[in-house]
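Examination of the molecular architecture
Here's the letter readout for the chains.
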Amino acid sequence: MPPVITYNQREDFRKKYVDKVFITDSIKSAKMYAKKACKKYGGEPIVYIVEPIGNIIYDINHECMSDKALIIKVLNKK
């Protein structure tokens, strides 16, 4: 779910795309973002395999945004 629904947003400065979820196909990047989120919110970093839902906007750096994402599988818990 996007930050506009969850009220959880790691980058407090970000005002754009608060209605989108960010997805990457890079395991390395996913682990890095999970660790950064844990620094702010606590807990252990978890990487999910997801399926984008709704409009998808692609980026050139192995990342995209979508309206939501369906969790398919928990990849790891560290």
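Located above this text is the structure these notes cover.
Here is a short report on the structure shown in this document. Predicted, not measured: the structure shown is a model, and the values here were computed from it.

Now for the pairing of strand 1 (residues 21–24). Burial along strand 1 is one-sided: the face carrying Val-21 and Ile-23 is buried and the face carrying Phe-22 and Thr-24 is not. Two elements, strand 1 and strand 3 (residues 63–76), share four bridges in a ladder whose sense is antiparallel. Within strand 3, the position partnered with Ile-23 by the bridge is Cys-64.

What follows deals with helix 2 (residues 27–41). Taking 1.5 Å of rise per residue, the 15 residues of helix 2 would be expected to cover 21 Å, and the 21 Å separating its terminal C-alpha atoms lies within 8% of that figure. Considered for burial, the residues of helix 2 that qualify are Ser-29, Ala-30, Ala-34 and Cys-38. Tucked into the core, helix 2 has its buried residues touching strand 1 and strand 2 (47–58). Two residues or fewer after helix 2 comes Gly-42, characterised by a positive phi angle close to 85°.

Right, let's get into a nonpolar patch on the surface. A contiguous nonpolar patch, built from Ile-27, Ile-49, Ile-53, Leu-70, Ile-72 and Leu-75 and spanning about 480 Å² of accessible area, is present on the exposed surface. For the nonpolar patch, the elements supplying multiple residues, two or more each, are strand 2 and strand 3. Looking at which element gives the most residues to the nonpolar patch, the answer is strand 3, with three residues. As for its position among the elements, Ile-53 is in strand 2.

This part takes up the side chain of Ser-66. By the element assignment, Ser-66 lies in strand 3. Within the local environment of Ser-66, its side chain forms a polar contact with the backbone oxygen of Lys-68, the two atoms lying 2.6 Å apart. Sequence-distant contacts of Ser-66, defined by excluding residues within four places in its chain, comprise Lys-20, Val-21, Ile-23, Pro-52, Ile-53, Asn-55 and Ile-56.

The rules behind these values
- Residues numbered from 1 in each chain as written.
- Predicted model: local features only at pLDDT ≥ 70, side-chain atom pairs only at ≥ 80, totals over all residues.
- Heavy atoms only, no water.
- Buried < 20%, exposed > 50% of the residue type's maximum accessible area, 1.4 Å probe, protein only.
- Helix = DSSP H or I, 4+ residues; strand = E, 2+ residues; numbered from the N terminus.
- Pairing = 2+ DSSP bridges.
- Expected span 1.5 Å × (residues − 1).
- Contact = heavy atoms within 4.5 Å.
- Patch = residues over 30% accessible without salt bridge, like charges linked within 9 Å, V, L, I, M, F, W, Y side chains within 5 Å.
- Areas by Shrake-Rupley, 256 points an atom, 1.4 Å probe, with all protein chains shown as cover.
- Salt bridge = Lys/Arg side-chain N within 4 Å of Asp/Glu carboxyl O.
- Polar contact = N/O pair within 3.5 Å; in protein donor to acceptor, adjacent residues only side chain to side chain.

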